[in-house]
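Secondary and tertiary structure notes
In case you want the letters, here they are:
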Amino acid sequence: MKRILLALALGCAGATQARITEMGTPKVEAFADGSQFGAAGAYERVSGVARGELDPADIRNRGIVNLDRVAKNARGLVEYEVDWFMLRPVDPAKGNGKIIYDVTNRGRKFFHHWIMDGAAGNDPRTPQHAGNGVFLKQGYTIVWSGWDPDAPRAGNGMAMKSPVVPNVVRVIRDELVSATRGPVLQSFRLSYEAANLDKGQAKLTVRRKEKDARETIPAEGWEYASSREIRLLPPHKLAVGSLYEFHYPARDPKVLGIGFAAARDLVSHIRSESNARSVLAIGISQSGRYLRDFVHQGFNQDESSKKVFDGVLSHIAGIGGVFLNAEFGQPARTNTQHEDHTYPENAFPFSAARLTDPVSGRNGALLREDGFDPLWMDVNTSTEYWQKGASLLHTDPLGHRDITLPGNARVYLIAGTQHAGRTGLKADFGPCMNPRNPHSPAPALRALLVALDAWVSEGKPPPASRVPTLAANTLVEAANTGFPALPGTAVAAFVNEIALSGDWVNPKEAPSPYRALVSAVDAEGNELAGIRLPDIAVPLGTYTGWNLYKRPYTEGELCDRDGSFISFEKTEADRAAKKDPRPSIEKRYGSHAAYVEKIIEVTRNLVNERLLLLEDADAYVKAAQGRRW
C-alpha cells in the first residue's frame with residue numbers, strides 16, 4: 001500500500017461534496033518493539049484526528065436526523081472531527097493491500113484482544129497486544145475510528161466531535177442501574193444535560209424487576225448533584241440491579257447520525273489514498289449492531305457512488321441495531337431481558353432475507369438490494385438466541401418456518417459460547433448463580449473472517465450457514481431444550497422477548513408477537529446445532545449461553561449476557577456421589593490418549609470445512625495433550 005497523505009485537504013473535490021478535508025498531523029510510532037510478523041514484517045502505529053464536512057442536501061446524508069438544523073460553514077456544509085488509529089506494515093510493499101476496519105465499541109478497540117487473543121487494552125503497542133498476530137502476518141492494515149461523541153475518552157478511548165442542535169429541550173427517559181454492567185454506583189450520570197434543575201419537572205421511579213410495577217421516589221428522596229448527575233437521599237438506598245427510571249427535560253442533542261457518515265467518509269478516504277484492494281468490516285456487540293444499521297440505512301454507498309465495505313462480519317449483534325441516528329439517541333444502550341428492555345434496538349427487518357412482517361405489514365430486508373450491499377455474515381453466540389432474538393435472522397418473524405437467505409449472506413451460531421466470550425475468561429460466578437462460561441468463539445471468528453476475505457477477493461463462497469433449524473428439530477422454545485436436571489444448577493427456561501414498546505420515553509410494552517427460539521441440547525446440555533468447536537464436540541463440561549442473577553442482584557432474571565459452565569465429574573465415583581446424570585470424563589473417554597484422538601479428529605474436520613484455521617487446530621491439539629484431569 002502506498003502511504004496515505006495524512007495531512008491532505010482535498011481541494012480538488014467539488015465544493016459541495018461531503019468529504020474528509022484533513023487527516024490531521026499524524027503520530028507515527030513503532031508497534032510491538034519492531035517485531036516481525038511473517039512476510040509482512042514490522043508494523044507501525046499511526047493516529048490522528050480527521051476533519052470532515054457533510055452536505056445536508058445530498059441524498060446520501062438526508063437520513064441523518066437533524067443534520068439540516070445545525071450550524072454550517074461558508075460552503076453550507078456541516079463540520080465534524082473524528083479520532084482515527086491504524087496498524088499498518090512499515091513497508092507497504094509487504095502488505096496485502098487490504099483493510100480490516102474494526103468498529104470501536106464505546107470507544108474501545110476490540111480486534112487485537114477479541115480476535116487475535118492479544119492482551120486487553122485500548123492502546124495496542126506491545127508484542128503482547130499482537131496476540132497470535134494472525135491477521136498481521138497476512139499483511140492487513142487494521143483501522144479504527146470514533147463514531148460516538150459521548151464514548152469515554154479515558155484510557156485512549158476514541159470518539160468524535162459532533163455539532164449540537166440549538167434550542168432543543170425535550171423530556172426524555174434514562175434507565176439507571178448499579179453494578180450489573182459495571183461497578184457499584186453511589187450516584188447516576190445522565191445521558192444528557194438537564195435543561196434545568198427544577199425537581200418539579202422531573203420524576204424518578206424504581207422497580208426491582210423489569211416487569212414489576214414502578215414506584216415513585218418522592219422529590220425529597222433524590223437530588224441533582226449537577227446538571228448531568230443525580231443521587232438518592234436518605235432514607236432511600238441505591239439497590240444493586242434495581243431499575244431506576246428518570247424522566248427529565250434534557251437539552252443539547254448532538255447529531256449522532258454523523259457517526260455513520262464519518263466512518264463512511266474516513267474509510268472511503270483511506271481506501272482511495274492507499275489504493276486498497278478491498279475493505280472488510282467487523283463489529284462486536286454494540287459495534288456489530290452499528291454495522292447492521294450502517295448498511296440498512298444506506299451508508300455503505302459513499303458520495304462518489306462507491307461501495308465502502310466489501311464484506312461485513314457482525315458478531316454478537318443478534319437482530320439489533322444501535323440507538324444512534326435519533327434525537328437524544330443513547331447508543332450505549334443494549335436491550336436485554338432485565339435492562340434497557342424498552343429502548344429502540346430490535347425492529348423489523350431482522351434478517352438479510354426479504355420478508356413480510358405480519359405485525360406491521362411491512363416488507364423488507366436488512367440488506368438494501370441496491371448494488372451497494374456488502375457480502376454479509378451474522379455470527380452469534382448462544383447468548384444472542386436467549387437475549388437478542390438471533391433465531392429471527394433465519395426464521396420468519398413469527399418463528400414458524402425456516403427461511404432461505406440470499407446468496408450474499410450467511411448466519412452462524414458458535415455453539416456453547418457466551419456474549420462476551422474471548423480468550424482468558426475464567427469460570428467465575430460474578431453476579432450469576434452458575435459459574436460463567438469461559439469458552440472462546442475466537443477460533444471460529446478467525447476462520448470466518450478468512451473465509452469472508454476469500455469470498456470478497458476470490459469469489460469463493462464461505463461455509464454454508466450453521467444454525468439450529470425447525471426442520472431438524474434443533475430450534476425450539478426455551479422451555480423445551482431438553483436441558484438435563486443438574487444438581488445445584490439454576491436453569492433458564494425463558495428468553496428476552498422482542499419488545500414492542502412504542503414511544504421509548506413513555507413505553508407501554510405489549511406482549512411480543514415475535515417468537516424467539518433457541519438451540520436444542522444433547523443429554524449433557526450442550527447445543528446440538530451451529531459451529532461446534534472442540535470444547536463442545538469433545539466436551540469436559542456443559543456450556544450454555546444463559547445464566548441467572550443471584551442475590552443481592554435481581555435473582556431469577558437472565559444474568560445480563562453471561563453463560564454458564566458446569567464441569568463434568570472426573571470419575572464415575574464422583575459422578576455417582578453428586579448424582580450428576582452426565583457421564584464422567586473417565587467414563588466418556590476411557591483414557592487421555594482417546595480424548596486427544598477425538599480432539600484431533602474434530603479439529604481435522606473443522607479445518608476441512610473451513611471453520612477452523614490450521615494454526616488454531618494445532619493449538620487445540622497441543623492444549624489437549626497437555627491437559628490432565
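All values reported here derive from a predicted model rather than from experimental measurement.

**So, the overall build of the protein chain**
For the protein chain, the count of helices and strands is 12 helices and 25 strands. Counting across all 629 residues of the protein chain, residues that qualify as buried make up 59%. When the accessible surface of the protein chain is split by element, carbon and sulfur atoms take 51% of a total near 23,500 Å². Here the protein chain contributes 76 positively and 73 negatively charged side chains, and the mean placements of these two sets differ by 2 Å.

**With respect to the sheet that holds strand E9 (residues 188–189)**
Spatially, E9-E14-E13 is the arrangement adopted by the 3 strands of the open sheet, whose pairing is antiparallel. A strand with exactly one partner marks an edge of an open sheet, and here the two such strands are E9 and strand E13 (222–226). Judged from the 4 bridges that link them, E13 and strand E14 (residues 229–232) form a sheet pairing that is antiparallel. Bridge pairing links Glu 223 to Arg 231 in E14.

**So, the nonpolar core**
When a protein is soluble and globular, its nonpolar side chains tend to lie buried together. Grouped together as the largest cluster of nonpolar side chains are 72 residues, with contacts concentrated most on Phe 246, Tyr 248, Tyr 290 and Phe 309. Of the residues forming this core, the biggest block, 8 residues, is contributed by helix H4 (residues 258–274). Discounting residues that sit within four places of it in the chain, Phe 246 has contacts with Ile 172, Arg 173, Asp 174, Leu 176, Leu 190, Ala 202, Lys 203, Leu 204, Trp 222, Tyr 224 and Ile 230. In terms of nonpolar packing, the next biggest core, distinct from the first, is built from 58 residues, Ile 282, Tyr 412, Ile 531 and Tyr 595 among them.

**A word on the pattern of salt bridges**
According to the stated counting rule, one finds 48 salt bridges in the structure shown. Between Glu 339 and Arg 181 there is a salt bridge; the shortest N-O distance is 3.5 Å. Of this pair, Glu 339 sits in the loop between strand E17 (311–315) and strand E18 (355–356) while Arg 181 sits in the loop between strand E8 (169–176) and E9; the two residues are 158 residues apart in sequence, bridging distant segments of the chain. Under the relative-accessibility criterion, Arg 181 is labelled partly exposed at 34%. Note that Glu 572 is salt-bridged to Arg 575, the shortest N-O span being 3.2 Å.

**Some points on the environment of Gly 563**
Note on placement: Gly 563 falls in the loop between strand E24 (541–544) and strand E25 (564–567). Taking relative accessible area as the criterion, Gly 563 reaches 0% and is therefore assigned buried. As a C-alpha pair, Gly 563 and Thr 383 span 180 residues in sequence and 6.8 Å in three-dimensional space. Setting aside residues up to four positions removed in sequence, Gly 563 forms contacts with Gln 418, Pro 435, Arg 436, Asn 437, Thr 544, Gly 545, Trp 546 and Asn 547.

**What to know about the state of the cysteines**
Tallied over the full model, the rule gives 1 disulfide. Disulfide pairing places Cys 432 opposite Cys 559 at an S-S distance of 2.2 Å. Judged by the torsion about the S-S bond (-75°), the Cys 432/Cys 559 disulfide is left-handed. Of the two residues, Cys 432 sits in the loop between strand E21 (409–414) and helix H7 (442–458) while Cys 559 sits in the loop between E24 and E25, which places them 127 residues apart along the sequence.

**Observations concerning the side chain of Ser 584**
Relative to the assigned elements, Ser 584 resides in the loop between helix H9 (572–578) and helix H10 (585–589). Judged by relative accessible area, Ser 584 falls into the buried class, the value being 0%. In terms of polar contacts, Ser 584 uses its side chain to reach the backbone amide nitrogen of Lys 587, at 3.1 Å.

**Quick word on helix H5 (residues 286–296)**
Among the 11 residues in H5, 10 count as buried, and that is most of the element. Taken together, the buried positions of H5 are occupied by Gln 286, Ser 287, Gly 288, Arg 289, Tyr 290, Leu 291, Arg 292, Asp 293, Phe 294 and Val 295. Residues of H5 that are buried sit in contact with H4, strand E16 (278–284), E17 and strand E20 (375–381). Directly beyond the C-terminal end of H5, a positive phi value near 90° is found at Gly 298.

**Some details on the packing of aromatic side chains**
In total, this model carries 30 aromatic pairs according to the counting rule given. A centroid spacing of 5.9 Å and a plane angle of 35° characterise the contact between Tyr 343 and Trp 504, whose relative ring orientation is tilted. Note that Tyr 343 is positioned in the loop between E17 and E18 and Trp 504 in the loop between strand E22 (475–476) and strand E23 (518–519), a separation of 161 residues in sequence. The lysine or arginine in question, Lys 109, covers the ring of Phe 85, its NZ or CZ lying 4.7 Å from the ring centre. Residue placement shows Arg 173 over the ring face of Tyr 343; its charged tip is 4.2 Å from the ring centre.

**Brief notes about helix H12 (residues 614–626)**
The terminal C-alpha atoms of H12, which comprises 13 residues, lie 19 Å apart, in line with the 18 Å expected from a rise of 1.5 Å per residue. Considering only its buried residues, H12 is in contact with H7, helix H8 (534–537) and helix H11 (592–608).

**Some details on the environment of Gly 424**
Note that Gly 424 resides in the loop between E21 and H7. Relative accessible area serves as the criterion here: at 63%, Gly 424 is assigned to the exposed category. Each C-alpha atom of the pair Gly 424 and Pro 438 lies 7.5 Å from the other, and the pair is 14 residues apart in sequence.

**Section: the packing of H4 against H5**
In contact at an axis separation of 11 Å, H4 and H5 are set at 85° when each is read in the N-to-C sense. Taken together, H4 and H5 sit at an angle that is classed as roughly perpendicular. Residues Gly 259, Phe 260, Ala 263 and Arg 264 of H4 form the contact with H5, whose own contacting residues are Tyr 290, Asp 293 and Phe 294. Class assignment of the residues belonging to the contact of H4 with H5 gives a composition of 4 nonpolar, 1 polar and 2 charged.

**Describing the packing of H11 against H12**
Helix packing for two helices is described by the angle between their axes and how far apart those axes are. Between H11 and H12, the least distance of the axes is 9 Å, while the angle of their chain directions is 170°. The pairing of H11 with H12 is recorded here as roughly antiparallel in orientation. Side by side, H11 and H12 meet where His 592, Tyr 595, Val 596, Ile 599, Ile 600, Thr 603 and Val 607 of the first sit next to Leu 614, Ala 617, Tyr 620, Val 621, Ala 624 and Gln 625 of the second. A per-class count over the contact of H11 with H12 returns 10 nonpolar, 3 polar and no charged.

**Considerations on the environment of Leu 256**
Considering the arrangement of structural elements, one finds Leu 256 in the loop between strand E15 (243–251) and H4. Accessibility expressed as a relative area gives 2% for Leu 256, which makes it buried. Between the C-alpha atom of Leu 256 and that of Pro 511, which follows or precedes it by 255 residues, the distance is 31 Å. Every residue in contact with Leu 256, bar those within four places of it in the chain, is listed here: Pro 149, Ser 162, Tyr 192, Leu 324, Ala 326, Gly 329 and Pro 331.

**Here's the deal with the confidence of the model for the protein chain**
Should pLDDT be low for a region, the predicted coordinates there are not to be read in detail. Looking at the protein chain as a whole, its pLDDT mean stands at 95, while 97% of the residues score no less than 70. When pLDDT is averaged over each helix and strand of the protein chain, the minimum, 94, is found for strand E1 (residues 19–22) and the maximum, 99, for E21. Low pLDDT, under 50, characterises residues 1–17; the stretch is placed with 54 contacts to residues that sit more than four places away or in other chains.

**A short note on unusual backbone geometry**
Across the junction of Pro 234 and Pro 235, the peptide omega takes the value 10°, indicating a cis bond. With respect to the helices and strands, the residue Pro 235 is situated in the loop between E14 and E15. Put simply, Arg 551 and Pro 552 share a cis peptide bond, and its omega is 5°. Here Pro 552 lies in the loop between E24 and E25. With phi around 85°, Ala 179 is a residue other than glycine that occupies positive phi space. Inspection of the secondary structure assignment puts Ala 179 in the loop between E8 and E9. The buried category is assigned to Ala 179, whose relative accessible area is 11%.

What counts and how
- Residues numbered from 1 in each chain as written.
- Predicted model: local features only at pLDDT ≥ 70, side-chain atom pairs only at ≥ 80, totals over all residues.
- Heavy atoms only, no water.
- Helix = DSSP H or I, 4+ residues; strand = E, 2+ residues; numbered from the N terminus.
- Buried < 20%, exposed > 50% of the residue type's maximum accessible area, 1.4 Å probe, protein only.
- Areas by Shrake-Rupley, 256 points an atom, 1.4 Å probe, with all protein chains shown as cover.
- Lys, Arg positive; Asp, Glu negative; His and termini not counted.
- Charge placed at Lys NZ, Arg CZ, Asp CG, Glu CD.
- Pairing = 2+ DSSP bridges.
- Core = buried A, V, L, I, M, F, W, Y, C linked by side-chain atoms within 4.5 Å.
- Contact = heavy atoms within 4.5 Å.
- Salt bridge = Lys/Arg side-chain N within 4 Å of Asp/Glu carboxyl O.
- Disulfide = S-S within 2.5 Å.
- Polar contact = N/O pair within 3.5 Å; in protein donor to acceptor, adjacent residues only side chain to side chain.
- Phe/Tyr/Trp six-rings, centres within 6.5 Å; stacked < 30°, edge-to-face > 60°.
- Lys NZ or Arg CZ within 6 Å of the ring centre and 35° of its normal.
- Expected span 1.5 Å × (residues − 1).
- Axes fitted to C-alpha atoms, helices over the stretch in contact; angles between N-to-C directions.
- Parallel < 35°, antiparallel > 145°, perpendicular 65-115°, else oblique.
- Nonpolar A, V, L, I, M, F, W, Y, C, P; charged D, E, K, R; others polar.
- pLDDT = per-residue confidence, 0-100.

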